[in-house]
Amino acid sequence: KRGTKEYKEQLNKQWNKMTITKQPEMIIKPKNKEDIENIINACKEQKKQYTFRGRGHSIAGKSIEGEVVIDGMDMKDMEVKGETITISPGNTWNDIDKALQIQGRYLVGGMVSTTGGIGLAIGGGIGWLSRKYGITAQYIEEMEVVMPPNETHKKAYTILLDKKKTIKEKELFWAMAGTGRCFGIVTKMVLRTMKQEQQTIANLQVQYVLEEKEEKKRKEKCKELVERYATFLKETKGEEYTAYAFVSQSVFIIQAICFTTF
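Residues numbered from 1 in each chain as written. Predicted model: local features only at pLDDT ≥ 70, side-chain atom pairs only at ≥ 80, totals over all residues. Heavy atoms only, no water.

> Explanation requested: the pattern of salt bridges in the structure shown.
Side-chain pairs of opposite charge can arise where the charged atoms are in close proximity. In total, this model carries 11 salt bridges according to the counting rule given. In this structure, the salt-bridge partner of Lys29 is Asp74, at a minimum N-O distance of 3.6 Å. Of this pair, Lys29 sits in the loop between strand E1 (26-28) and helix H2 (33-45) while Asp74 sits in the loop between strand E3 (68-71) and strand E4 (79-81); the two residues are 45 residues apart in sequence, bridging distant segments of the chain. The exposure class assigned to Lys29 is partly exposed, which follows from its relative accessible area of 29%. (Salt bridge = Lys/Arg side-chain N within 4 Å of Asp/Glu carboxyl O. Helix = DSSP H or I, 4+ residues; strand = E, 2+ residues; numbered from the N terminus. Buried < 20%, exposed > 50% of the residue type's maximum accessible area, 1.4 Å probe, protein only.)

This is how it looks when you write it as structure tokens:
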């Protein structure tokens, strides 16, 4: 509960420390989907708003909004089986990468190792390999989802969304794979992985300081840099990936990574 030592410790696990000014009444740590269903039902009975936190990597602090935070950080079951990996809310991309590397496989994942795997995937998921292989959400095969009470269900309930078998909930599957936090709580996810080839990797960050003081000239320079960046993208080879480029008030930054297969 708010005010206890344990509460403060759990709140400080939020990735963006600027958001811990949000103070939910309590943080509850479930062990499984049944616990989550019971918490949701209790919140409904007591008319309390709740939210779910996986690894707490929401920049805007969405994972600690509401009166009750359902904290899934301790739910860490994970299994690599054949060409797929099954993950839970508490698994980070560091956990996932390590597990897959042992099996000689990989997956389009996050750029930050502490990001939660499920949270990234249901939000789309852009990573170092996205330019060639797309987003993480494309590789979702199954999702176990705890749904809130609705017109046909008076209590919270769990459904399995399977990309290959789902018929009735087909639209829900594709909605979850990109905007998932709007509909339910994903407690397990199965993702398709790829065979890992031997590679060398080079990481590059280019920063261009905008010295133009006038806003109009700074915008013109930014436009020029973006156009040059677009040309650079067209000229790069398939094994070279530019992760992102962005402009602040004074700096234009390109973060790139290059893979060479051998």
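> Sorry, what's going on with the environment of Ser130 here?
Along the chain, the position of Ser130 falls in helix H5 (residues 130-133). Of the residues examined, Ser130 reaches a relative accessible area of 14% and is grouped as buried. Considered as a pair, Ser130 and Leu107 are 23 residues apart in the sequence and their alpha carbons are 10.0 Å apart. Setting aside anything within four residues of it in sequence, one finds Ser130 in contact with Val108, Gly125 and Ile135. Here the side chain of Ser130 touches Gly127 through a polar contact of 2.7 Å, landing on its backbone nitrogen. (Contact = heavy atoms within 4.5 Å. Polar contact = N/O pair within 3.5 Å; in protein donor to acceptor, adjacent residues only side chain to side chain.)

> Before we go on, may I ask you to explain the sheet that holds E1 in this structure?
Within a sheet, neighbouring strands are paired by backbone hydrogen bonds and run either parallel or antiparallel to one another. Sheet architecture is open: three strands sit in the order E1-E3-E2, paired in parallel fashion. In this open sheet, the two edge strands, each paired with only one partner strand, are E1 and strand E2 (50-53). Within this sheet the neighbouring strands show an average axis-to-axis angle of 25°, counted without direction. Bridge analysis of E1 against E3 gives three bridges, and the strand direction is parallel. Note that in E3 the partner of Ile27 across the bridge is Val69. Relative to the sheet, H2 contacts E1, E2 and E3, its axis offset from that of E3 by approximately 175°. (Pairing = 2+ DSSP bridges. Axes fitted to C-alpha atoms, helices over the stretch in contact; angles between N-to-C directions.)

These values are about where atoms sit, not about what they do.
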